[in-house]
Structures are given as structure tokens and as C-alpha cells.
Amino acid sequence: MIFSLAVNLSPPDPSSRWVIHGVLAASALAVFLLAGLPILREAWEAARHGRIVIDQLFLAGIAAAFGVSVHSTLTGYGSIYYEVVAILVAISMFGKLVGERRRQAALEAAKALGREFETCERLTCCGSTETVNASTIEAGDRLVVRAGSPVPADGIVLEGTAFVRETALTGEPFPVVKRPGDRVFAGGYSLDGMLTIEATVAGNERRLDGILDTVREAQSRPSRLQREADRLVAWFLPSVLAVSAATFAFWTWRESWIVGVFNGLAVVLVACPCSMGLATPVGIWSALAALAKRGIVPRDGDLVEKLSQVDTVVFDKTGTLGEEELERVDFVEAPGIDRQRLLNAVARLEASSTHPVARAFRMAGAMPVPVNLLAGAGLEGVVDGISYRIGNKSLLSTSQQPLADSLASTLKGEAAHLVYIIADGSIAGIAALREKLREGALTTLEELGRLGLLCEIMTGDRPEAAAAHGLPNVHAGLAPADKTRLVKHLESSGRRVLFVGDGVNDAPAMSEASAALAIGSGSALARETATGELASSDLSAVPFAVARCRKAVQAIHTNIRIAAFYNIIGISLAACGIIHPVLAAVLMLVSSFTVTWRALAQTGNAARPISKPMLPAVPWRLIIPSATLALQGPLIVYLGGFQGVAAYGFLALFLSAGALCWLALLGRPITKLAEMTLGMFSLGGLAMLLGWWADAGFAAVVRNGVCLCGCADSTMGLGIFAKLNWMDASMVLASLQMVAFERRGRGRLLCWVAGLFGMLAGMEAAAWVMSHIVPTLPGMQFFATYAAMMLGMSVGMVSVCASLQQLRKDPA
């Protein structure tokens, strides 16, 4: 950019121009050949299938930049833009590389989890075991699951008893005892015993396979932002090419084909998505930097937009709102038992255990002692000569049950799990455990509520355990498919859901939600499926992220309007053939600086979700008035014979009017009267000027120092409807077009038709008055006549419509 700007500001002499231009052209070609060929392939494939995609917009900009530059190099006339080729290639490829790498990472995580459960030990008919691939398992096969090994298939336990951890699949925080007759699922782990299971489904029809397939399918879908960008390009690219073709035709007719080619390509070049492309990525990068400071790592390029739109937050309970560790709610000892001595003994027994229950009893400095695992029940060991057994209710004998029930009735607080302690064959104490909420979990829910977000809690835990913490809107006992179904229901009812989870069982629901955040300590599949990761496990980052992203997207919407303003000016100047390299550089610099500064200066919070997309759809009702207002500038300059400062002034005036019209209407409703007035000033004004041009013999109205509007015997001077003319006909045709667009009731249609007659009457009356004023400066008389007719049309139309409305309100 530095070299090109220097060359444009101070063109080199002919002897060095070829060398400098050649080096810049070679660098542009090198960048395109190294990194830009995918843009060409995507654009070509889309064209073959009749689609318009954003790659074609980038390709058009690249071709225009290179074409204008080659033309300037060969002729020595005009500016060069070789560096724009590299800029456009970089902007396009960066987004594609990030998206592709994230998709590949998610698919690799799914494959890695699948590989962990892809082999198993199958019993043969003679009683031996063989290692086979899980995909070859058929219903009825018998499999061996050893202690510490994964469960490879969905089935029923035939032999053995063991604790099986299924937290990642069901959300249950505690390992579950599995005995003969119980169901097990692929994805669990046997912690302390060997099981023999019989497969109930084929090896490729496991519940785990369904979860992985859901994740793969979700990752293969194109992002919503990409679809919106393609929709935007579907109308923007043809519009730019149409303006470029019209510019080429006009300047070829007016000057020469060389000027036509240069100005036509300049239109495409100015319309390149450089400034508009900066509005979105800089805003997103700024927001992502703020999220990173709070420990949120993006896993999807749409994270900022998706978080800005959510209105419902769904939390998984186990491992998300609750920590992995359990907390001891209460502890009671039997009569005559030393409480502290008993707790110290339990701490020494649990010191070497990795069981989740053991963490609730650990103490600093406790010396571990040898223990024996009791499969599916607990553990046993000796401390200070006393034999202890610690575990679940299955350890109790019939004689121990009454005292155990009596002690349990004295426990305080809601508990999800009871641990029984037996010393030398007698009940010594009972501990009540429950899942421990993360610090700030309840505060986080309150903050989300203040942001207007609905909070739901989903868990695979038992209902009584889920209710222990008093959490709101809890859905308990849910399987992965149930969570997915509830998220789908919320989404189909119009909600934008943010799912916050940690387990494999959360991955399908995450894939169906509008956005998802995974706890950093959760499963790899959940982290790769989510759109973002909470690396610090700080739940207070969730409301911060939502508020921050809302503010960022609001700023991006404004930045897009600012970028559109500059693009409208640039396209119009290029179409008028008056754009200069220095002016183009200043426009690009000001546009880039403005959107960058605004994106980096984002502060504060937004209280409402952003309902509109990142790239808002632009209706033709906005395009037509903006474009027709801007086009009146060149016509007035031509018809009025203006030159020099006056010409540039009128061009700037009408270009600004078109741009302001665009910015004022984008995303805002408009009243009936304002819509009619705007249609009259824009489409009606352009039609009036075209008709005036036709009445003047398809030439300028001011010729040889005389304004053809200033004669009493002219069409204007003869009075209203005295002579059929092109001006009246074009105004009627323009109004008929506006009537054709009107589909909102007979009252609106009648107002348009009545307003047409008032508009014509006002225009003719103003023209007749101006034709009898003695002219001084022909050009200014032409513009004064134009302004008077526009004012007359406005007064006539508004008066008739207002009277008609009054009559309809008061028939008497």
C-alpha cells in the first residue's frame, strides 16, 4: 500500500515506471497464485450452479483492481491498485482458514472419542476372549469389561458387580453400582470390578454413535453468518456490476472507450468489501479480546454474534453449575464415638482413593493406609487397630439398619448421597454428601435474569438431588436425547438458546443450540462441539460475555452503515468519473480508521438481545430512494451545464442526500407520509429530470447561456396540462411504479392515486411561476426551477392526502 500510494501521488518517469509497476504486478500475481486460487474455484463452482456467493464479490474486486492497474501501467494514465489484490485475498482466506480448522478440530475430537471405545474383548464359544473392533459387535455377543476399562457397547450385565462412571453420558455425578440385570451404555467406565455384559444392539448403533453422528452433522452445516453474507452479496454484486456497466456505457458515449473502461472498473474497485469487510472483523476481534481476558476461548467464528442474540441460557447441572468435587453437607456419629477421631480415620482411608466420594473426606496431612476395594459397595481398611468399612447402604446388615435409620433422620440439609461408616462391625457414623455448586453460580443466574435472559437447568441427576440447591427451572432425570429434544423445542418456539455444559452427553444439545459454552475441565467432545470454552470455569463470565457481545454487535451494525456511506460516495464519484487516487486513498483511510476506532472503543453493556442479523437484509424500498437521490446529482450537473466548484458542490449535495437516506432508513420503520414524500423526492425527482431532458431534445436544458425553462411560450410557461410533454408522462409512470409496490390496503392506494394529481398540479404551478421570472444566471434559474417544482409537488401531494385522510375520519 505504501509503494502504490507513493506511485499514485508522484508518478515515476517512464524509464522506471515499468520496473516499479512490474514488481507490484508480480507481487499481486504471486499472492493470488499462492493463496487466492480457492476463491476462483469457489466462485466458478457457484456460477456453474447458478448461485451468487461472496467469493464472486471478492473475485470481482480482485479482477477490477488488477484490470485498472494493468490499464494504468500500459497507458500511463490513471492510478494503480495492485496491493488491493493481496488485501482481498488475505481477508477472504483468513475467515475460511479459521472456520475450516475449527471444523476439523471438532471432527478429530469426535474421532478420538470413538477410537477410545472402538475395541473390546468378546467371549468366544469356548470361553476364551478375543480383541475385536466394536463395529463388528452384534446383538447377543458377550463382552468382558475389566476394572478401569471402558464399556464398549450398550448391553445388560450378566455377571459381576462394579461401580460404573457414566457422568459424561447421563450427567449423574456419582458412579452407579451395576449388578446382573442392569443396563450399561458405551461411553461409561468400570471403576473397581469386572463385568460380563451381553450386547443389546449392534456395534454401530450404540447411543454413543448417535451422539457422535449428531456432532458431525452439526459441524458440517454452513454458519448462519455465511448464509447471510451470501444473501447480501446476491443483490449487492449484481447492483455493483450494473452500475459499472452503465458507467462504462455512459463514458464511452460521452468521452471514449478508454475512459469508459477505467471508470467502469473503478466502480467495481471502489465497491470492493474492504471498508465494509473491516467493520465486522475488527469489531469481532475486539470483542473476542475482551472475552479472552475473562477466560472465554472461541471455538467458532460466529461466537460474538450468537452470544449477542441469545435470550435463553440452559445450564447442565453436574460439572457445570456444580463442581466435580462433592461437599459434605452434614456428618453424625453414633453415641460414644469420638467425632474428630472418626473423621481422621476416614480421611486416612480415603487418602489414596480416586473415587469422587473420597474427595469430600480428605484432610491435609492425612497419611494413607492400605485399603481393599469392595466392588460396587465401597472400601475397607484398618486404622489404629480398628477395622473400618466405608460405602453405600449395601454394607449394612439387618441388625445395623435401625441405628443407621435413626442417625440418618438427624441429618440436616438436602443430601444426594449417604455414606455409611462401620467400625469393628458397628455403625460409627453417617455422612451426607451432595454436589458442590461452583462459586458464584447463584449470582450468575441472578445477573442473567437482570439481562432479561430466561435460565433453565437440565440434568441427568435424580429429581431430589437436583432440588437440593434450590435452583430455578430444573429439568431432572434427562438422557442426552431428552436434553436435545428440549433445546430443539426452545429453538423452534423462537428462542435463541445458549447451552452451557461439560459432558459428552451435552454435545448433541450443544449442537442444536444457537450458541454453546463448554467448561474447560469437561470432555474433549463437548469443548470442540461448543462455540466457546470457559477456560477458567468462572461462571460470572457468562453474563459478561452476553452483555459484551450485544454491545459489540450494536457497534458493528453502526459500522456497517458508516462503511455503506463511504461505499455509496465512492461508487457515485467513480461513476461520475471524478474520483482521484488521493481522494480514494483518503476515503479508504477515513473509513478504515472510523470503523476501527469505533470497534476498539466499544464499552458498556446492552440490555436487550440483538434480534437482527450481523449483516442486515436491505430491502429494495431502501435501495431505490437512496440510489435515485444520488443519481440526480450528475443529471443536474449535466442538464444545468454546471462546471467547476458548482458541479462538485451539486454532486456532493446529492451524494450526501443518498447516503443519508440509506443510513436513516436502514433497520428503521417509516411512516406513510414520510414514505410518500421520500418516493416523490427520489424516484419522482429523477423521473422529472429525465422527462425534462427529453423535452429539451435529449440534451442539456441550459445551452449557449440560455435556460430553456425561462420562456413563457415553453412547455412550462403554457401552464398546467396545456401540452403533452415528457416531464408529465415520466412523472405519471414513476408514480404508477410506486402504486404497484403499494399492497397495504385500499386507503393507502387511494392516497397514492390522489396524491399523484396533487403532485402534478403543484409541479406545473411552480413551473409556470418560475417561467415568468426574469433569468439572471441560467444555471441557477434551472436549479431554482427544479427546487420550486419539487416543493410544489410536495405541497400538492401532502395537501391532497391530508384532506383525503380528514374526509375519511370525518365523513360529515
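What counts as what
- Within each chain, residues carry numbers counting from 1 in the order of the written sequence.
- Only residues with pLDDT of at least 70 get local features here, since the model is predicted, and only at 80 or more are side-chain atom pairs given and counted; chain-wide, interface and lining totals rely on the full set of residues.
- The side-chain numbers reported here are obtained from all heavy atoms of the structure, hydrogens and water having been left aside.
- A patch consists of residues whose relative accessible area exceeds 30% and which take part in no salt bridge; residues with like charges are grouped when within 9 Å of each other, and nonpolar side chains (Val, Leu, Ile, Met, Phe, Trp, Tyr) when within 5 Å.
- Areas reported here follow the Shrake-Rupley algorithm with a probe of radius 1.4 Å; residue values treat only the protein chains shown as occluding.
- Put simply, a salt bridge is a Lys or Arg side-chain nitrogen that is within 4 Å of an Asp or Glu carboxyl oxygen.
- Think of it this way: any DSSP run of H or I at least four residues long counts as a helix, any run of E at least two long counts as a strand, and we number them from the N terminus.
- When a residue's accessible area, from a 1.4 Å probe over protein chains only, is under 20% of the maximum for its type it is buried; when over 50% it is exposed; and in between it is partly exposed.
- The criterion for strand pairing is that DSSP finds at least two bridges linking the strands in question.
- Here, the term nonpolar core denotes a set of buried Ala, Val, Leu, Ile, Met, Phe, Trp, Tyr and Cys residues that are joined through side-chain atoms within 4.5 Å.
- Residue contacts are defined here by distance: any two heavy atoms, one from each residue, within 4.5 Å place the two residues in contact.
- A residue's pLDDT is the confidence the predictor assigns to it, expressed on a 0 to 100 scale.
- In this scheme, a helix's expected span is set at 1.5 Å multiplied by one less than its residue total.
- The term polar contact refers here to a pair of N or O atoms within 3.5 Å; inside protein, the definition further demands a hydrogen-donor-capable atom paired with an acceptor-capable atom, and it admits residues adjacent in sequence only when both atoms are side-chain atoms.
- An axis is simply a line fitted to the C-alpha atoms; with a helix, the fit covers only the stretch in contact. Between two such axes, the angle follows the N-to-C directions and lies from 0 to 180 degrees.
- Angles are sorted into four bins: roughly parallel if under 35 degrees, roughly antiparallel if over 145, roughly perpendicular if 65 to 115, and oblique for all others.
- Less than a right angle of anticlockwise turn of the near helix away from the far helix marks a crossing as left-handed, whereas a clockwise turn marks it as right-handed.
- Polar here means any residue other than Ala, Val, Leu, Ile, Met, Phe, Trp, Tyr, Cys and Pro, which are nonpolar, and Asp, Glu, Lys and Arg, which are charged; Gly is therefore polar.
- The reported bend at a residue is simply the angle between two axes, fitted to the 7 residues ending at it and to the 7 residues beginning with it.
- For this analysis, a ring pair means two rings from Phe, Tyr or Trp (six-membered ring only for Trp) whose centres lie within 6.5 Å, classed as stacked if their planes differ by under 30 degrees, edge-to-face if by over 60, and tilted for the remaining angles.

(A) Region of interest: a nonpolar patch on the surface. Residues Leu29, Leu33, Leu37 and Leu40 make up a contiguous nonpolar surface patch of about 330 Å² in total accessible area. Structurally, the position occupied by Leu29 is in helix α2 (residues 14-48). Assessed through its relative accessible area of 41%, Leu29 is described here as partly exposed.

(B) Just the sheet that holds strand β5 (residues 162-165), in detail. In spatial order, the strands read β6-β5-β8; together these 3 strands make up an open sheet with antiparallel pairing. The outermost strands of the open sheet, each flanked by one partner alone, are β6 (176-178) and β8 (189-190). Direction of pairing for β5 relative to β8: antiparallel, over a ladder of 2 bridges. Looking across to β8, one finds that Arg165 is bridged to Tyr189.

(C) Quick peek at the pairing of strand β13 (residues 371-374). Bridge count between β13 and strand β14 (residues 378-383): 4 bridges; the pairing is antiparallel. Looking at the pairing, Leu373 lines up with Leu379 of β14.

(D) Seen up close, the pairing of β14. Where β13 folds back onto β14 in an antiparallel hairpin, the turn is made up of 3 residues, including Gly376, whose phi is positive at roughly 75°. Between β14 and strand β15 (residues 386-391), which pair antiparallel in sequence order, lie 2 residues; one of them, Asp384, sits at a positive phi of approximately 55°.

(E) Expanded view of the sheet that holds strand β21 (residues 515-519). Pairing is mixed in the open sheet, where 7 strands are placed in the order β10-β22-β21-β20-β11-β18-β19. Pairing within the sheet leaves two strands with one partner each, and these edge strands are β10 (296-298) and β19 (474-475). Pairing of strand β11 (residues 312-316) with strand β18 (residues 454-458) involves 5 bridges; the strand directions are parallel. When the bridges of β18 are listed, Asp316 appears paired with Met458.

(F) Representation of the nonpolar core in the model. Phe315 and Leu498 are the most contacted members of the largest nonpolar core, which has 38 residues in total. At the level of secondary structure, the elements contributing two or more residues to this core comprise α9 (274-293), α10 (303-309), β11, α14 (441-450), β18, β20 (497-501), β21 and α19 (541-576). Considering every element that reaches this core, the biggest residue donor is α19, with 10 residues. Residues within four places of Phe315 in sequence aside, it is in contact with Thr320, Leu321, Thr444, Leu445, Leu448, Glu456, Ile457, Met458, Val500 and Leu539. Of all hydrophobic cores here, the second largest spans 26 residues; its members include Ala696, Val701, Met727 and Ala788.

(G) Molecular detail of the environment of Ala28. Relative to the elements of secondary structure, Ala28 occurs in helix α2. On the basis of relative accessibility, which here comes to 3%, the residue Ala28 falls in the buried class. In the structure, Ala28 is positioned 55 residues away from Glu83 in sequence and 6.4 Å away in space, judged by C-alpha atoms. Apart from the residues within four sequence positions on either side, Ala28 is in contact with Phe66, Tyr82 and Val85.

(H) Spotlight on the environment of Glu130. Here Glu130 shows up in strand β2 (residues 129-133). The exposure class assigned to Glu130 is partly exposed, which follows from its relative accessible area of 33%. Separated by 14 residues in the primary sequence, Glu130 and Val144 have C-alpha atoms spaced 9.7 Å apart. Apart from residues lying up to four places away in sequence, Glu130 is in contact with Cys120, Glu121, Arg122 and Thr124.

(I) Broad picture of the confidence of the model for the protein chain. For the protein chain, mean pLDDT is 75; residues scoring 70 or higher make up 70% of the total. Low pLDDT, under 50, characterises residues 603-607; the predicted model gives this stretch 10 contacts beyond four residues in sequence or across chains. Note on residues 613-619: pLDDT under 50 across the span, and 31 contacts to partners over four residues away in sequence or across chains.

(J) Structural detail: unusual backbone geometry. The backbone of Asp384 shows a phi angle near 55°, a positive value even though the residue is not glycine. Assignment of secondary structure puts Asp384 in the loop between β14 and β15. We note that Asp424 has phi near 50°; this positive angle belongs to a residue other than glycine. If you trace the backbone, Asp424 turns up in the loop between β16 (417-423) and β17 (426-437). Residue class for Asp424 comes out exposed when judged on its relative accessible area of 52%.

(K) Up close: helix α12 (residues 339-350). In this model, α12 (12 residues) spans 17 Å end to end at C-alpha, consistent with the 16 Å of a helix rising 1.5 Å per residue. Turning to α12, its buried residues are Leu342, Leu343, Ala345, Val346, Ala347, Leu349 and Glu350. The N-capping residue of α12, defined by a side-chain oxygen 3.1 Å from the backbone nitrogen of Gln340, is Asp338.

(L) Expanded view of the environment of Arg438. Looking at the element boundaries, Arg438 is found in the loop between β17 and α14. A sequence separation of 116 residues divides Arg438 from Gly322, and the C-alpha atoms of the two residues are 5.3 Å apart.

(M) Focus on the pattern of salt bridges. For the coordinates displayed, the defined rule picks out 10 salt bridges. A salt bridge links Asp141 to Arg122, with the shortest nitrogen-to-oxygen separation between them at 3.2 Å. Pair noted here: Asp141 is in the loop between β2 and β3 (142-145) and Arg122 is in strand β1 (residues 119-123), with a separation of 19 residues, a long-range link. Both residues of the pair, Asp141 and Arg122, belong to the buried class. Among the ionic pairs, Arg348 bridges to Asp384, the shortest N-O distance being 3.8 Å. Linking Arg348 in helix α12 with Asp384 in the loop between β14 and β15, this pair joins segments that are 36 residues apart in sequence. A relative accessible area of 57% places Asp384 in the exposed class. One salt-bridge network, in which partners are shared between bridges, spans Arg122, Glu130 and Asp141.

(N) Spatial organisation of the packing of α2 against helix α3 (residues 54-75). Across the interface, α2 lies against α3 with an axial gap of 9 Å and an inter-helix angle of 155°. Taken together, α2 and α3 sit at an angle that is classed as roughly antiparallel. At the point where α2 passes α3, the crossing takes the left-handed sense. Taken together, the residues of the contact of α2 with α3 sort by class into 15 nonpolar, 4 polar and 3 charged.

(O) Up close: α2. Between the first and last C-alpha of α2 there are merely 43 Å, a value that for 35 residues lags more than 12% behind the 51 Å anticipated at 1.5 Å per step. Remark: the principal bend of α2, roughly 65°, maps to Gly36, with a proline, Pro38, within the next four residues. If you check which residues of α2 are buried, you get Arg17, His21, Leu24, Ala25, Ala28, Phe32, Gly36, Ile39, Ala43 and Ala46. Backbone geometry just after α2 places Gly50 at a positive phi near 75°.

(P) Here's a closer look at the packing of aromatic side chains. In this structure the tally under the stated criterion is 3 aromatic pairs. On the basis of an interplanar angle of 70° and a centroid distance of 5.7 Å, the ring pair of Phe66 and Tyr82 is categorised as edge-to-face. Separated by 16 residues along the polypeptide, Phe66 in helix α3 and Tyr82 in helix α4 (residues 82-116) bring together distant segments of the chain. Exposure remark for Phe66: the relative accessible area of 24% places this residue in the partly exposed category. Take Tyr82: its relative accessible area is 3%, and that puts it in the buried class. An aromatic cluster of three or more residues is present, and its members are Phe250, Trp251 and Trp253.

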